[in-house]
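Topology and contacts: notes
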Amino acid sequence: MILPPFILASASPTRRTLLDNAGLVFEVDPADIDERAAEKPLLDAGTAPDDLAIALAMIKADDVSRRHAGMMVVGADQTLELDGERFNKPQDMEAARRQLLAMRGRTHRLHAALAVARDGESLWSHVETVSLTMRDLSPPEIGHYLADVGEAALSSVGAYQIEGRGIQLFDRIDGDFFAILGFPLLPFLTFLRASETATGDPT
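The notes below deal with the structure included here. Quick caveat, the model's predicted, so the values are computed rather than measured. (Residues numbered from 1 in each chain as written. Predicted model: local features only at pLDDT ≥ 70, side-chain atom pairs only at ≥ 80, totals over all residues. Heavy atoms only, no water.)

**A look at the pairing of strand β5 (residues 107-118)**
Taken across its 12 residues, β5 has nine buried, putting it largely inside the fold. Hairpin connection of β5 to strand β6 (residues 121-134): two residues between the antiparallel strands, including aspartate 119 at a positive phi of 55°. (Buried < 20%, exposed > 50% of the residue type's maximum accessible area, 1.4 Å probe, protein only. Helix = DSSP H or I, 4+ residues; strand = E, 2+ residues; numbered from the N terminus. Pairing = 2+ DSSP bridges.)

Pasting the structure below:
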């Protein structure tokens, strides 16, 4: 089955690999927005972390869809919360160390959102929440982990990649694996199949 083509509004190599491996037809055109500026009015309004992820994903999809007439564009975003505190991607290795120290021995929630737009119009959105319980790591253990992975720790909101050495940081994970990687794939595939049916494409 050939599903409808789309534009991925993300520069994430992990998301691209997931979609390539799934055999999907897509192009990549990352959104060009200031995420911190875009989220400020949402935070000021008290937007919940899961709704914030959806809103940012839609802003990205909308931004890119306006330069690809007639094409479906999917935006993606993740937010991480720990007992009411929200984390962004660490800016440097010291910030990654502080973040991992804060999360050790505790359970945090990762919200992964997708949103699809065409010509600036919202077509679909979805958010998946995963609970992750980190081992009660010692400061030296965290230091060794960061030394091993290097600046890869700065590429994700949690400062870890569970598809790599980051899996060793955890005692328990409850939720969808693809959502942790930043792209809830199964709901998106369901949306694509429904889109194909709606257009009457027989392929």
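**Focus: the side chain of serine 10**
Looking at the secondary structure, you find serine 10 in the loop between β1 (6-8) and α1 (13-21). Within polar-contact distance, the side chain of serine 10 engages the backbone nitrogen of serine 12 at 3.1 Å. At 3.0 Å, the side chain of serine 10 and the side chain of arginine 15 are in polar contact. Serine 10 has contacts with Arg15, Val28, Asp29 and Pro30, leaving out every residue within four places of it along the chain. (Polar contact = N/O pair within 3.5 Å; in protein donor to acceptor, adjacent residues only side chain to side chain. Contact = heavy atoms within 4.5 Å.)

**Here's the deal with α1**
Along α1, the residues that are buried comprise Arg15, Leu18 and Leu19. Along the axis of α1, the buried positions cluster into a sector of 90°, meaning they face one direction only. Structural note: α1 exposes Pro13 and Asn21 on the side pointing more than 90 degrees away from its buried face. The N-terminus of α1 is capped by serine 12, whose side-chain oxygen sits 3.3 Å from the backbone nitrogen of threonine 14. (Arc of directions from axis to C-beta.)

**A short note on the packing of helix α4 (residues 93-103) against helix α5 (residues 139-149)**
Orientation of α4 relative to α5, taken along the N-to-C sense of each, is 135°, at an axis distance of 10 Å. Taken together, the axes of α4 and α5 lie oblique to each other. Like other packed secondary-structure pairs, α4 and α5 cross with a definite hand, here right-handed. For the pair α4 and α5, contact is made by Met93, Ala96, Arg97, Leu100 and Leu101 and by Pro139, Ile142, Tyr145 and Leu146, respectively. Residues that form the contact of α4 with α5 fall into these classes: eight nonpolar, no polar and one charged. (Axes fitted to C-alpha atoms, helices over the stretch in contact; angles between N-to-C directions. Parallel < 35°, antiparallel > 145°, perpendicular 65-115°, else oblique. Left-handed = near helix turned anticlockwise from the far one by under 90°. Nonpolar A, V, L, I, M, F, W, Y, C, P; charged D, E, K, R; others polar.)

**Structural notes on the environment of leucine 8**
Locating leucine 8 in the fold gives a position in strand β1. Relative accessible area serves as the criterion here: at 0%, leucine 8 is assigned to the buried category. Here the alpha-carbon distance between leucine 8 and glutamate 27, two residues 19 residues apart in the chain, equals 6.1 Å.

**Concerning the packing of helix α2 (residues 35-44) against helix α3 (residues 49-65)**
Running from amino to carboxyl end, α2 crosses α3 at an angle of 135°, the nearest separation of the two axes being 10 Å. By the angle between their directions, the pair α2 and α3 is classed as oblique. As for the relative orientation of α2 and α3, their crossing is right-handed in sense. Counted together, Glu35, Ala38, Glu39, Leu42 and Leu43 of α2 and Leu52, Ala55, Leu56, Ile59 and Lys60 of α3 form the full contact between these two elements. Tallied by class, the residues present in the contact of α2 with α3 amount to seven nonpolar, no polar and three charged.

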